[in-house]
Amino acid sequence: RLRIVGVPPKGQPHMNRPVLGVSREETGKYILGSVPVEADGSAQVRVPSGVPYFFQALDAEGRAVQTMRSLTYVQPQQTLSCIGCHEHRDAAPASRGMPLAAKKPPAKITPGPAGSLLLRYDLMVQPVLDQHCIGCHAPNSGTPKAAKIALASPASWDTLIGYADGDLKRLVFERDASPVGNGPSLDSKLIRHLQTHPGHKRIKLLASDWRRIYAWMDTYAHRQGCFSAQQEKDLLAWREAFRELFSALP
């Protein structure tokens, strides 16, 4: 699938207030949703105009395998096309016939996991931890070793970011390139630990639970994606105004 990530405007003049993520001056983000990619690699979608976006190519499990490192804008009634991330900007694509996605109407946008429009950690990730993890990873859990890894709110964000000597913090820190096949959810030591450690074999996360965690990591593990409660409210209303572009809205 192709994930569409929007960037809201910074709504205040002060550096790093509020603290959105791990970088010193992090940009806000929100996940508009995703659309299917056809067998030939093509995709087509209608999006609201006048808004900065970037895209992420996702694998079948919802992990980002490459992230666009620039922004694009679409103006009213404008059609934009792209032939890929590494092709020369002055070159035309090889003629292979009409892309499969162009032979059908633009795909409806499927909203991302719960909480991903606002990119709120407490709405995306903490519910998964509350359901599956804090029985052991919380004070007075009866398992002293696990209790040292605090996964109850509000300590859990710092715990996950700092796991394995800050492995995730390094993976999501601002960078200038996105090599194909590398990304926070693909390379995370935390993910490997959760999926392979014998102590977690009895914990059965749903595919939807993993998608929440993957989406959070791959959009740079923010605490939140907006700069204020009012901006969150405005973003929800803005998406509602474009309801016809989506397959369904919660």
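Being a predicted model, the structure only gives us computed values, none of them experimental. (Residues numbered from 1 in each chain as written. Predicted model: local features only at pLDDT ≥ 70, side-chain atom pairs only at ≥ 80, totals over all residues. Heavy atoms only, no water.)

> Just to check I follow, could you spell out the packing of helix α6 (residues 189-196) against helix α7 (residues 207-218) for this structure?
Running from amino to carboxyl end, α6 crosses α7 at an angle of 165°, the nearest separation of the two axes being 12 Å. Taken together, the axes of α6 and α7 lie roughly antiparallel to each other. Regarding α6 and α7, the two cross each other, and that crossing is left-handed. Here Leu-190, Ile-191, Leu-194 and Gln-195 of α6 lie close against α7, whose contacting residues are Trp-210, Ile-213, Tyr-214 and Met-217. (Axes fitted to C-alpha atoms, helices over the stretch in contact; angles between N-to-C directions. Helix = DSSP H or I, 4+ residues; strand = E, 2+ residues; numbered from the N terminus. Parallel < 35°, antiparallel > 145°, perpendicular 65-115°, else oblique. Left-handed = near helix turned anticlockwise from the far one by under 90°. Contact = heavy atoms within 4.5 Å.)

> Even after reading the chapter, I still don't get the pairing of strand β3 (residues 53-58), so can you show me in this structure?
Along any regular strand, the residues point their side chains to alternate faces of the sheet. Bridge count between strand β1 (residues 2-6) and β3: five bridges; the pairing is antiparallel. Looking at β3, one finds that Val-5 is bridged to Phe-54. When β3 meets strand β4 (residues 64-67), the two strands line up antiparallel, connected through three bridges. Across the sheet, the residue bridging to Leu-58 is Ala-64, located in β4. A loop of five residues connects β3 with β4, the two strands running antiparallel in sequence, and Gly-62 in this loop sits at a positive phi of about 90°. (Pairing = 2+ DSSP bridges.)

> Hey, could you run me through the side chain of Arg-212 in this one?
Position of Arg-212 among the secondary structure elements: in helix α7. Buried charge without a salt bridge: Arg-212, with Asp-209 as the nearest opposite-charge side chain at an N-O distance of 4.9 Å. A polar side-chain atom of Arg-212 sits 3.1 Å from the main-chain carbonyl oxygen of Leu-123. Ignoring anything within four residues of it in the chain, the contact list for Arg-212 reads Pro-113, Ala-114, Leu-123, Met-124, Val-125, Pro-127 and Val-128. (Buried < 20%, exposed > 50% of the residue type's maximum accessible area, 1.4 Å probe, protein only. Lys, Arg positive; Asp, Glu negative; His and termini not counted. Salt bridge = Lys/Arg side-chain N within 4 Å of Asp/Glu carboxyl O. Polar contact = N/O pair within 3.5 Å; in protein donor to acceptor, adjacent residues only side chain to side chain.)

> Teacher, can you tell me more about empty space enclosed by the protein here?
Empty space among the atoms becomes visible once a probe the size of a water molecule is rolled across them. Taken as a whole and judged by the stated rule, the model has one cavity of 30 Å³ or more. Put simply, the largest cavity is a space of about 40 Å³. Every residue along the wall of the largest cavity is listed here: Lys-10, Gln-12, His-14, Asn-16, Arg-17, Pro-18, Leu-20, Glu-25, Glu-26 and Phe-227. Grouping the constituent residues of the lining of the largest cavity by class yields three nonpolar, three polar and four charged. (1 Å grid on protein atoms, 1.4 Å probe; cavity = no way out; pocket = protein on both sides within 12 Å on 5 of 7 lines; lining within 4 Å. Points joined across faces, edges and corners; volume = space filled by probe spheres on them. Nonpolar A, V, L, I, M, F, W, Y, C, P; charged D, E, K, R; others polar.)

> Which parts of the structure should I look at to understand the pattern of salt bridges?
If the charged atoms of two oppositely charged side chains come close together, the side chains can form a pair. Enumeration according to the criterion identifies nine salt bridges in this entry. With a closest N to O distance of 3.5 Å, Arg-63 and Glu-61 form a salt bridge. Ionic pairing is found between Arg-120 and Asp-122, a salt bridge with its closest N-O pair at 2.7 Å. Judged by its relative accessible area of 37%, Asp-122 falls in the partly exposed class. Residues joined by salt bridges that share partners form a network here, namely Asp-59, Glu-61 and Arg-63.

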